[in-house]
Amino acid sequence: MAADIWDFLAGGAGEERTLQANLAAFDRAWLRPRVLAGAVRPSTDTSILGRTWAAPVAVAPMAYHGLAHPDGEVATARGAGSAGVPLVVSTFAGRAFEDIAAAATSPLWLQVYCFRDRSVTRDLIARAESAGFEALVLTVDAPVLGRRLRDLRNDFGLPPGISPANLPFSDFSSPGAHARADFDPALDWSVVEWLRSVSSLPILLKGVLTGTDAERAVEAGVDGLVVSNHGGRQLDGATASLQALPEIASAVAGACPVLIDGGIRRGRDVLASLALGADAVLVGRPVLHGLAVEGTDGVARVLGILIGELADAMTLSGTRTVADTGPDLVHTGERLPAPSKRPAPAAIPAAAGPCEVRKEELHGSVSDPVLDTMTFLNEITHRYPKAISFAPGRPYDGFFETEQIFTHIRRYLDHLAESGSTPEQIRDALFQYGPTSGRIRELIADSLRKDEAIQVPPEAIVVTVGCQEAMFLALRALIPGPDDVLLVSSPCYVGITGAARLLDIEPTAVEEREDGFDCADLEAAIRAERLRGRRPRVFYTVPDHANPSGATMPLQARHALLELAAREDILILEDSPYRLVSPGRQLPTLKSLDTRRRVVHLGSFSKSLFPGARVGFAVADQQVVDRTGATGLLADELTKIKSMVTVNTSPLSQAAVAGMLLASGGHTSELNKETAAYYGRAMQATLEQLEKCFPPEDRAAASVRWNKPTGGFFLTLNVPFRADNAALIRSAEEFGVIWTPMSYFYPQGGGEHTLRLSVSYLTQDEIAEGIARLAQFVISESGPRH
């Protein structure tokens, strides 16, 4: 290479202290092998954002590969594909995205610089997305380019024929001057929301070096982080990437993947990175070295050497899989720690201290932001007990009398006796576990037929511990591997996303439009997942008076969804808990319209009978065929899973529910006439108070609007300010009213300017006073200071 080009690729910022620190940090990372571990053939496979890579390695974003080889990024893509690892393509790639994608056989991500002219960035992203790129990697450490002294001394300019192929024409000859003119130095955290608005692709932030920024990124809903100091090319004196990694991994606590770049030169460097908290590494300059020497084959050879060294290091350190790494595998310091002697038995204290469990060693779901937000909401409710709360979506319990429970159970016992059960069998029905699939399936099937026109045999029903268990069983059965996709209508009930998180399933959000769900968006999401090599399996939706939005799917959309499910060979998880407690005639369920057995219907008696019962059910009448050709029902497979989870649903709860079903002749809708009218009046009162407190002229001036559900417990209010946790605290503390941020319900980000109101547990007087307080809060937040 010409000397000035070598300096451009190899050099760093300032005196290159950070460049050297990146390398030195790995020299201080001493591996601590485990012996007799039997790791003869370690597996280097890893899964990131739902895709399996041959190794936890990807090619880092670097500009202008054409400086190293005439084929540029096309050759790099071929080489990365040969190694089975992804390529992160730079905004300043010298080859067209379409040409790179045509050559690629492994995932492509787009590294994004955000320009002052956002339309340039938006068009760049759209072009990459159309070419099949799978994620966006936003570089956040480059408001301007760092002072790269080698380039300044060389007065470096790009040689003729080297320019970014995917950007509109401009003067790119001086990278530093172009960055100063076109990069947006005023980027703040709102850029994440903006990226969400222009693309459905996952978003990773590259350039994070502190735990504080990592926590902020998780709160913003990013899909991943890259611990990076830009290869030492930005702020000279910034910490080495490996030094920053443990703090960031601890702050993220499994909420999203953490990658690292900067200084990775050997397989043992990859292993050290994994041990200290990374999920994968990005490799930069060595790939360009291979590209310069031998084009595609050189890239493949460099990556092959690195992955081979990683496998050797795993074998020699007793590490079977990538997941088996951990902090105990590495010691960081100038010298190895002094040897320690195992204490003699007599030296062990008689009374050891209490056991401490490190949170980062628990399953990542315990640190999921959704769980934290719901805990936060409960804390706010308890901290401000005098505030009027529109947050809880629980049913009103004023309809119930305690003694009714005994009446219901007695009615069921009488039913068993009248049906011929002996006293011993009746005692068994209350005191023993009972069938895993449930004791009252016949009564539930009868009620579904009468109330919902759902015609299924009792054998197709599994009685569960509330609807939440039904979701868990369905997801476990239907999403068997990392390449199987759960799609969810977004905003989405947190119960399904929480269950998915427990099962290490990353849901794909299908965002609803202003007027609700649209089949075209689901179809696009299905096709996009297939282009990524994944298999869409299940779509979850709440078609009636949804939690959290209150939206109801029109009849035409229901028919279109069923046709789409058949055409694209997916199943639908239908969850409609609010139908029978909503006034007026309801649209038919998806299951009642389902002639091809595409719908698994999830139900619960928590709303339609009483919440303390904790009795739900799954209707799963799909045929399951095994390898021998034998057939059975999907319900049977769910029952097998349930036998290893809750074993059975409480017989006492089933008895109380059965007594209520018997009392109504299977018509739960008859039991809920008063209930539905109560909730209908609460919803109507809320809408009337909103109209009163936000007259049209004030509403327009403040940019406030709300939807008008015809039933259910929930509605949404759009406001001109960020309806986040900080705003919620101000609302509770200064105005005495509590609500739920809608951002809690968007799996992949959104809803920052919307709040959810629940009307189910408030009296008419509380609704009037609460909406008046809410109006005062909204007007205050919408003032000039915001």
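A. Focus on the side chain of Thr 675. Position of Thr 675 relative to the elements: it lies in helix α25 (residues 673-693). In contact with Thr 675, not counting residues within four places along its chain, are Phe 399 and Val 581.

B. Geometry of helix α28 (residues 764-781). Taking 1.5 Å of rise per residue, the 18 residues of α28 would be expected to cover 26 Å, and the 26 Å separating its terminal C-alpha atoms lies within 8% of that figure. Burial in α28 covers these residues: Ile 767, Gly 770, Ile 771, Leu 774, Ala 775, Phe 777, Val 778 and Glu 781. Taken down its axis, α28 places every buried residue within 165° of arc, on the same side. Facing away from the buried side of α28, by more than 90 degrees, are the exposed residues Asp 765 and Ile 779. Tucked inside the fold, the buried residues of α28 contact β13 (388-389), α25, β24 (714-718), α27 (725-735), β25 (737-738) and β27 (754-758).

C. Representation of the packing of aromatic side chains in the model. Summed over all chains, the structure comprises 27 aromatic pairs. Taken together, a centroid distance of 6.1 Å and an interplanar angle of 50° make the contact between Tyr 64 and Phe 92 tilted. Here Tyr 64, found in the loop between β4 (57-59) and α3 (72-83), pairs with Phe 92, found in the loop between β5 (87-89) and α4 (97-103); they are 28 residues apart in sequence, far enough to count as distant. In this pair, the class of Tyr 64 matches that of Phe 92, namely buried. Taking NZ or CZ as reference, Arg 394 lies 4.0 Å from the ring centre of Tyr 761, over its face.

D. Spatial organisation of helix α11 (residues 267-275). Within α11, eight of the nine residues are buried, which leaves the element mostly enclosed by the surrounding structure. One or two positions beyond α11, positive phi appears at Gly 277, with a value near 120°.

E. Structural context of the pattern of salt bridges. In total, this model carries 42 salt bridges according to the counting rule given. For the salt bridge of Arg 722 with Glu 193, the shortest nitrogen-to-oxygen distance reads 3.1 Å. Here the residue Arg 722 occupies a position in the loop between β24 and α27, and Glu 193 occupies one in helix α8 (residues 190-198), the gap between them amounting to 529 residues. For Glu 193, a relative accessible area of 26% puts it in the partly exposed group. Lys 642 is paired through a salt bridge with Glu 469; the nearest N and O atoms lie 2.9 Å apart.

F. Quick peek at the sheet that holds strand β15 (residues 484-490). With respect to topology, seven strands assemble into an open sheet ordered β14-β20-β19-β18-β17-β15-β16, the strand pairing being mixed. At either end of the open sheet lies a strand with only one pairing partner, and these are β14 (461-464) and β16 (508-511). Taken pair by pair, the neighbouring strands of this sheet meet at an average axis angle of 20°, ignoring direction. Strand contacts of helix α20 (residues 555-568): β17 (535-541), β18 (571-575) and β19 (599-604), with the helix running at about 145° to β18, the strand carrying the most contacts. The strands touched by helix α22 (residues 634-642) within the sheet are β14, β19 and β20 (616-619), with β14 carrying the most contacts at an inclination of about 25°.

Reading the values: rules and limits
Residues numbered from 1 in each chain as written. Predicted model: local features only at pLDDT ≥ 70, side-chain atom pairs only at ≥ 80, totals over all residues. Heavy atoms only, no water. Helix = DSSP H or I, 4+ residues; strand = E, 2+ residues; numbered from the N terminus. Contact = heavy atoms within 4.5 Å. Expected span 1.5 Å × (residues − 1). Buried < 20%, exposed > 50% of the residue type's maximum accessible area, 1.4 Å probe, protein only. Arc of directions from axis to C-beta. Phe/Tyr/Trp six-rings, centres within 6.5 Å; stacked < 30°, edge-to-face > 60°. Lys NZ or Arg CZ within 6 Å of the ring centre and 35° of its normal. Salt bridge = Lys/Arg side-chain N within 4 Å of Asp/Glu carboxyl O. Pairing = 2+ DSSP bridges. Axes fitted to C-alpha atoms, helices over the stretch in contact; angles between N-to-C directions.

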